[in-house]
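Letter by letter, the chains look like this.
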Amino acid sequence: MVPPHPTSGMLRSTERKRAAKTSKKELVILTGISGAGKASALKTFEDLGYQAVDNLPLELMPEFAGLVQKSKDIDRAAIVVDVREGQAFDRLPEIIKRVKRVLPTRVVFLDAQDPVLVRRYSETRRPHPLRRSETVSRSIVEERQMLDSIRNVADTLIDTSRFNVHELRAEIQKRFGRGDQNQTMLVSCLSFGFKNGVPLDADLVFDVRFLPNPHFVPEFHDKTGLDPKVAAYVTGFSQTGEFLTKVTDLMLFLMPHYVKEGKSYLTVAFGCTGGQHRSVMMAEELTRRLTKAGYQVKAVHRDMPR
């Protein structure tokens, strides 16, 4: 009996680690009836961290799957494929089989009731991609016939008839998110000086000029709100702690609702006179508190001296 090679256990361990890493890879093929919301769904996949590609030629799909499988930077990808492919679309079931041999793949089919699709086309005034029939209704019938074989092999079927854009986003997040929806919204806590104008991209603005100004304390004149002594001076006033508590409570109430409505970015701005002391300290402290609550937050200081 030949004894096992001393490196065989190491090789098997390496193979298991490689397999575990590969198993995290995923390709989503997003298809379905035109007007069912594929474009909105693809944007949501992109916000969830997927590499998003719209209308990739079918011939390139196996090669793309191979690139994802080998990539160190891409774990998940989503591709939209639909009747814009023309006659080549008939080959999609065969190509899906080839792709599934390369990496884990899910086919997601978006559908909607015919009256809903007709209404959506009427509201957007966009032509149906087939453009072969006199009416949208007839084009929808023809498209359903073309999609029938794909619909039958889909792993996930989503009827978007009752969804608006935000509800469809929430449905995609629920099915394909990795359990931490807080990470789908990026929060910026921004400090600024009112003398330089209110930031145009601010969603919420808090005026902290009601707090005593460290600028008039000689030893703080050239320092900023990042300095521990300046921060201690500002937080030393009772109104500072009360204000921070109320703002934190407000943000922790609002942010789950923003996430639910599909908001991807939120900018919370604090303004003082020059953007050097009070606003900087406030932005830093709220960043710390919201990060502790599980949100992805960064502090940005627009007017703070460098």
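See above for the structure.
Throughout this document, residue positions are counted from 1 along each chain, in the order its sequence is written. Residue-level local features of this predicted model are given only where pLDDT is at least 70; pairs of side-chain atoms are given and counted only at 80 or more, and the full residue set underlies all totals for whole chains, interfaces and linings. Neither water nor hydrogens contribute to the side-chain values; these are computed over all heavy atoms in the structure.

A.B. asks: Can you walk me through the side chain of threonine 44 in this structure?
C.D. replies: Where helices and strands are cited, they refer to DSSP runs of H or I of at least four residues and of E of at least two residues respectively, numbered from the N terminus. Counting through the fold element by element, threonine 44 comes out in helix H2 (residues 38-47). Accessibility expressed as a relative area gives 3% for threonine 44, which makes it buried. What makes two residues a contact is simply this: any of their non-hydrogen atoms within 4.5 Å. Filtering out sequence-adjacent residues up to four positions away, threonine 44 remains in contact with Arg169, Ile172 and Gln173. Relative accessibility decides the category of a residue: with a 1.4 Å probe and only protein chains considered, values under 20% of the type maximum give buried, values over 50% give exposed, and everything between is partly exposed.

A.B. asks: Would you mind showing me how to read the packing of aromatic side chains here?
C.D. replies: Any aromatic ring pair is given by two values, namely how distant the centres are and how the planes are angled relative to each other. Aromatic contacts are taken between Phe, Tyr and Trp rings whose centres are within 6.5 Å, Trp giving its six-membered ring; a plane angle under 30 degrees counts as stacked, one over 60 as edge-to-face, and the others as tilted. By the definition in use, this model includes eight aromatic pairs. Three or more aromatic residues joined by ring pairs make a cluster, and in this case those are Phe206, Phe210, Phe243 and Phe270. The criterion is that NZ of a Lys, or CZ of an Arg, lies within 6 Å of the ring centre and within 35 degrees of the ring normal, and then a charge sits over that ring. Positioned over the ring face of phenylalanine 194 is arginine 209, at 3.8 Å from the centre of the ring.

A.B. asks: What am I meant to see in the sheet that holds strand S1 (residues 26-32) here?
C.D. replies: In a beta sheet, neighbouring strands pair by backbone hydrogen bonds and run either parallel or antiparallel. Following DSSP output, two strands are said to pair if at least two bridges run between them. The five strands lie next to each other as S2-S3-S1-S4-S5, forming an open sheet whose pairing is parallel. At either end of the open sheet lies a strand with only one pairing partner, and these are strand S2 (51-54) and strand S5 (156-159). Taken over all neighbouring pairs, the strand axes of this sheet differ in orientation by 20 degrees on average, direction set aside. In this structure, S1 lies alongside strand S3 (residues 76-80), joined through five bridges in parallel fashion. If you follow glutamate 26 over to S3, its bridge partner there is arginine 76. Across the sheet, helix H6 (residues 136-153) touches S1, strand S4 (105-111) and S5, and the angle it forms with S4 is around 150 degrees. Here the axes come from fitting lines to C-alpha atoms, over the contacting stretch only for helices, and the angles between their N-to-C directions go from 0 to 180 degrees.

A.B. asks: Looking at this structure, how should I read the packing of H2 against helix H7 (residues 165-176)?
C.D. replies: The description of two helices packed together rests on the angle between their axes and the distance between the axes. Where H2 contacts H7, the two axes come as close as 9 Å, and the packing angle between them is 45 degrees. By the angle between their directions, the pair H2 and H7 is classed as oblique. The two elements H2 and H7 cross, and the hand of that crossing is right-handed. Contacts between H2 and H7 pair Ser40, Ala41, Thr44, Phe45 and Asp47 from the former with Val165, Leu168, Arg169, Ile172, Gln173 and Phe176 from the latter. Each residue is assigned to one of three groups, with Ala, Val, Leu, Ile, Met, Phe, Trp, Tyr, Cys and Pro labelled nonpolar, Asp, Glu, Lys and Arg labelled charged, and all others, Gly among them, labelled polar. Class assignment for the residues of the contact of H2 with H7 results in six nonpolar, three polar and two charged. For classification, angles of less than 35 degrees are called roughly parallel, those exceeding 145 degrees roughly antiparallel, those between 65 and 115 degrees roughly perpendicular, and all remaining angles oblique. A clockwise turn of the near helix away from the far one marks a right-handed crossing, whereas an anticlockwise turn of less than a right angle marks a left-handed crossing.

A.B. asks: I tried to follow the pattern of salt bridges on my own but got confused; where do I start?
C.D. replies: A side chain of one charge can pair with a side chain of the opposite charge if their charged atoms are brought near each other. Note on definitions: salt bridges are taken to be side-chain nitrogens of Lys or Arg within 4 Å of carboxyl oxygens of Asp or Glu. Across all of its chains, the model carries 20 salt bridges by this definition. The shortest N-O distance in the salt bridge between aspartate 47 and arginine 169 comes to 2.9 Å. In this pair, aspartate 47 is assigned in helix H2 and arginine 169 in helix H7, connecting sequence segments 122 residues apart. Its salt-bridge partner being arginine 84, residue aspartate 82 comes within 2.8 Å of it at the nearest N-O pair.

A.B. asks: Can you walk me through the environment of glutamine 296 in this structure?
C.D. replies: Note on placement: glutamine 296 falls in strand S9 (residues 296-301). It is 6.2 Å that separates the C-alpha atoms of glutamine 296 and valine 187, two residues lying 109 residues apart in sequence.

A.B. asks: Please clarify how helix H5 (residues 114-124) should be interpreted in this entry.
C.D. replies: Inspection of H5 places Val116, Leu117, Arg120 and Tyr121 among the buried residues, and these make up the whole buried set. An end-on view of H5 places all buried positions within 135 degrees of arc, on one side of the element. For H5, the exposed residues set more than 90 degrees away from the buried face come down to Pro115, Ser122 and Glu123. Of the surrounding elements, those touching the buried residues of H5 are H6. Trailing H5 by a residue or two, arginine 125 shows a phi angle of about 60 degrees, which is positive. Working note: the arc is built from the helix axis to C-beta atom directions.

These figures come from the coordinates and say nothing about function on their own.
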